[in-house]
Amino acid sequence: MPLGPELLELALTHRSYAYENGGLPHNERLEFLGDSILGQAVTVMLYTEYPDLDEGQLAKRRASLVSSVALAEVARSIGLGSHIRLGRGEELTGGSDKSSILADTVEAVIGAVYLDCGPDEATAFVLRLVRPLIENPDRFGASMDPKTSLQEISARLGRGLPSYSVDDSGPDHSKRFHAIVSLAGDEIAAGNGTSKKQAEMAAALEAWTLLQSAQ
C-alpha cells in the first residue's frame, strides 16, 4: 500500500510541531476524515461478520474498536509514536506515547490512505489494524472495559482493588490528563488522555497488560 510522502508527512504532523515551525499544515483535518472512514469500516465489518449480535452489542463492540484506548494500542503495536512530528514541549512530556496523540495520528493516517489510495484500500487498512484486537478475546475484552478487566485480574491474583490518581495540565480549552493506577499502594502503570476517564482507561489497560503477561 504505497502512500505519498507528502500526505504521510502531513498525517504525522501534530499541531504542536506545526505551531512551533511557522504555522505549517497539521494533521487535524486528516484526523477528521479518518475518524469517519474508521467508523464506517468497523461498522460494516461487525454487521457482516457478526450476524448474531443485536444492535446494542454491535454498538458496544464498535465503540471499543474506535476508542482512543484501542487506537493507541494499535499505534504502539506498529511503533507509530517514534514517527510523529511533535513540538518540543510535547516531546519533553512524552507526547510520542500519549494515548490521545497516538489515537489521533492513527485516524490521520487512515484519512491519508483514503485520499491517496481510495476507499477500498482504506477499508482494508483499517481492518488490518483492528483485527488483532478482535482475534485476541482476552485483549478485546480488556480494551472494551479496561477498568473492570483490571479489577477482575487483580482480584484473581490477590492484589486487591485498583486505585487511581489523576493530574491535569494545560489550559482549560486543551487539558491533558495523566493517570496512575496503583495496587496495594504500589504504582503499576500510567496512562494519558484528553479526559480523566480516558486517562484512567489507558492506565488500566496498561496495568492489565502487565498483570496478564506476568501470569
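This text goes with the structure placed above it.
Just so you know, these numbers come straight off a predicted model, no measurement behind them.

Some remarks on the packing of helix H3 (residues 28-49) against helix H4 (residues 55-65)
Axis angle and axis distance: for two packed helices, these are the angle between their axes and the distance between the axes, and together they describe the pair. At a minimum axis distance of 10 Å, the contact between H3 and H4 shows a crossing angle of 140°. On the basis of their axis angle, the class for H3 and H4 is oblique. Note on packing geometry: the crossing formed by H3 with H4 is right-handed. Between H3 and H4, the residues in contact are Gly39, Val42, Thr43, Met45, Leu46 and Tyr47 and Leu58, Arg61, Arg62 and Leu65, respectively.

What to know about H4
Among the residues making up H4, those that are buried are Leu58, Ser64 and Leu65. What you see down the axis of H4 is that its buried residues fit within an arc of 125°, all on one side. When the buried face of H4 is taken as reference, the exposed residues oriented beyond 90 degrees from it are Glu55 and Lys60. Its side-chain oxygen 3.1 Å from the backbone nitrogen of Gly56, Asp54 forms the N-cap of H4.

Section: the pairing of strand S3 (residues 186-193)
Bridge analysis of strand S2 (residues 176-183) against S3 gives seven bridges, and the strand direction is antiparallel. By the bridge assignment, His178 is partnered in S3 with Asn192.

Brief notes about the layout of surface pockets
A volume near 250 Å³ is recorded for the largest pocket. Together, 15 residues line the largest pocket, and Arg76, Asp97, Ala190, Ala202 and Glu206 are the ones closest to its centre. Of all the secondary-structure elements, those providing two or more residues to the lining of the largest pocket are helix H5 (68-77), S3 and helix H11 (196-214). Looking at the lining of the largest pocket, its residues break down into four nonpolar, six polar and five charged.

Examining the pairing of strand S1 (residues 162-169)
Bridge count for S1 against S2 is eight bridges, and the pairing is antiparallel. By the bridge assignment, Ser169 is partnered in S2 with Arg176. Between S1 and S2, which pair antiparallel one after the other, the connecting turn spans six residues, and Gly170 there sits at a positive phi close to 95°.

A short note on the pattern of salt bridges
In this structure the tally under the stated criterion is six salt bridges. Residue Glu49 pairs with Arg131 through a salt bridge whose shortest N-O separation is 2.6 Å. Within this pair, whereas Glu49 is found in helix H3, its partner Arg131 is found in helix H8 (residues 119-135), the two being separated by 82 residues in sequence. We classify Glu49 as partly exposed; its relative accessible area is 39%. Residue Arg131 is classed as partly exposed on the basis of its relative accessible area of 25%.

Rules used in this analysis
Residues numbered from 1 in each chain as written. Predicted model: local features only at pLDDT ≥ 70, side-chain atom pairs only at ≥ 80, totals over all residues. Heavy atoms only, no water. Axes fitted to C-alpha atoms, helices over the stretch in contact; angles between N-to-C directions. Helix = DSSP H or I, 4+ residues; strand = E, 2+ residues; numbered from the N terminus. Parallel < 35°, antiparallel > 145°, perpendicular 65-115°, else oblique. Left-handed = near helix turned anticlockwise from the far one by under 90°. Contact = heavy atoms within 4.5 Å. Buried < 20%, exposed > 50% of the residue type's maximum accessible area, 1.4 Å probe, protein only. Arc of directions from axis to C-beta. Polar contact = N/O pair within 3.5 Å; in protein donor to acceptor, adjacent residues only side chain to side chain. Pairing = 2+ DSSP bridges. 1 Å grid on protein atoms, 1.4 Å probe; cavity = no way out; pocket = protein on both sides within 12 Å on 5 of 7 lines; lining within 4 Å. Points joined across faces, edges and corners; volume = space filled by probe spheres on them. Nonpolar A, V, L, I, M, F, W, Y, C, P; charged D, E, K, R; others polar. Salt bridge = Lys/Arg side-chain N within 4 Å of Asp/Glu carboxyl O.

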